[in-house]
Amino acid sequence: MKTEELILAIETSCDETSAAVIKGGTDIVSNIVSSQIESHKRFGGVVPEVASRHHVEQITLIVEQAMKEAQVSFSDLDAVAVTEGPGLVGALLIGVNAAKAIAFARGLPLIGVHHIAGHIYANQLVRPLTYPLLALVVSGGHTELVYMEKEGSFTIIGQTRDDAVGEAYDKVARTLGLPYPGGPHIDRLAAAGEATISFPRAWLESDSYDFSFSGLKSAVINTLHNYRQRGEEVKVEDVAASFQQSVIDVLVGKTKRAVEELEVKQLLLAGGVAANKGLRAALEKEFSSSVELIIPPLELCTDNAAMIGAAASIRWKQQRFSGYELNGNPGLSLM
């Protein structure tokens, strides 16, 4: 078995069509991403049927571009990897069937990858991972603390009980009249404002690592409605800063307690909300000396196929391949 395997990876779980060629699980040879944000903006969120149609139109072109940029042929590949789930079932099916077709036609091993495992292993493209470690996963659909005792082992010690962080950002942004996706817009406004409004922090039970952002989201929306009903001017920068500070306080606070109690060697940030500048700065300040912190570059925070290739490398080394019965699984468990 080669030590520096070459994997073609495909990601179509939501609204990005992406293909990448990854070497040895750590080196990005190519990583092509086609975003659909402009198509979904007018709807205020991702429309599953529109997303699927875009994937159908783009997938062949994106795979060809990734192979061309990597300057490799299909005969150079050792495996084909694809996001199996979770995600939008129609979108997942486009990538899964494209990967199955390539694997069958070329006689290559097929590797199904969990989308969140991909986000976590995006950090492996930055520097080597050291176990045990803790990953803070923050995205549009997921907010989780994942403990990894060893390579390929995942234990979810905390997760959201209602809205994920990204969902809360999008809903608050919509109330503020900001376009989709809301996260980047609130992050920019927060940098220009001050946290002058006292919004709630949901700490839950004293020993819980779980999260809850539904109450915070409702508090922000109610505050905005009260201002408007009284005819008072709303300083959106301060609302954004106060909301974001509440989110960051809870995320960093629970993560800090988990890092200390589990005595991990590394802390990883993962997921689309990992691009949030306020969160990145708060984590860097809190963990500058207590634990090795890895934060992926912005292009590896949002959905991309490079992260899927990095996660697939672990399964390739373990010879854990998928059969042709592989299917899109929107509720796939990380455990």
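Residues numbered from 1 in each chain as written. Predicted model: local features only at pLDDT ≥ 70, side-chain atom pairs only at ≥ 80, totals over all residues. Heavy atoms only, no water.

## Examining helix H2 (residues 48-70)
So, step 1. The end-to-end C-alpha separation of H2 is 30 Å, in line with the 33 Å expected for 23 residues at 1.5 Å each.
So, step 2. At glutamine 58, H2 shows its largest bend, some 45°.
So, step 3. For H2, the complete set of buried residues consists of Ala51, Ser52, His55, Ile59, Ile62, Val63, Ala66, Met67 and Ala70.
So, step 4. Considering only its buried residues, H2 is in contact with strand S1 (6-11), strand S2 (16-23), strand S3 (27-35), helix H1 (37-41) and helix H3 (89-106).
So, step 5. Backbone geometry just downstream of H2 places glutamine 71 in the positive-phi region, at approximately 60°. (Helix = DSSP H or I, 4+ residues; strand = E, 2+ residues; numbered from the N terminus. Expected span 1.5 Å × (residues − 1). Bend = angle between axes of the 7 residues up to and from the residue. Buried < 20%, exposed > 50% of the residue type's maximum accessible area, 1.4 Å probe, protein only. Contact = heavy atoms within 4.5 Å.)

## Structural notes on the pattern of salt bridges
So, step 1. Counted by the stated rule, this structure contains ten salt bridges.
So, step 2. Between glutamate 205 and arginine 161 there is a salt bridge whose closest N-O contact spans 2.7 Å. You can see glutamate 205 sitting in the loop between helix H6 (182-192) and helix H7 (214-229) and its partner arginine 161 sitting in the loop between strand S8 (155-159) and helix H5 (165-175), a full 44 residues away along the chain.
So, step 3. A residue is classified by how much of its surface remains accessible, and glutamate 205, at 40% relative accessible area, is partly exposed.
So, step 4. With a relative accessible area of 44%, arginine 161 lands in the partly exposed category.
So, step 5. With its nearest N and O atoms 3.7 Å apart, the salt bridge here joins glutamate 261 to arginine 257. Separated by four residues within a single helix, glutamate 261 and arginine 257 lie in helix H8 (residues 236-262), roughly one turn from each other. (Salt bridge = Lys/Arg side-chain N within 4 Å of Asp/Glu carboxyl O.)

## A few points about the sheet that holds S2
So, step 1. On the basis of which strands lie adjacent, the open sheet formed by five strands has the order S3-S2-S1-S4-S5 and mixed pairing. Edge positions in the sheet fall to S3 and strand S5 (110-114), since each of these pairs with one other strand and no more. Between one strand axis and the next, the sheet turns by 20° as a mean value, whatever way the strands run.
So, step 2. With six bridges joining them, S1 and S2 adopt antiparallel strand pairing. By the bridge assignment, alanine 9 is partnered in S2 with alanine 20.
So, step 3. The strands touched by H2 within the sheet are S1, S2 and S3, with S2 carrying the most contacts at an inclination of about 25°. (Pairing = 2+ DSSP bridges. Axes fitted to C-alpha atoms, helices over the stretch in contact; angles between N-to-C directions.)

## Structural notes on the pairing of S5
So, step 1. Burial of S5 is extensive: five of the five residues sit out of reach of the surface.
So, step 2. Note: strand S4 (residues 79-85) against S5, five bridges, orientation parallel. Paired with valine 82 across the bridge in S5 is glycine 112.
So, step 3. Of the crossover connections in this fold, the one passing from S4 over H3 to the parallel S5 is right-handed. (Right-handed = clockwise from strand over helix to strand, strands pointing away.)

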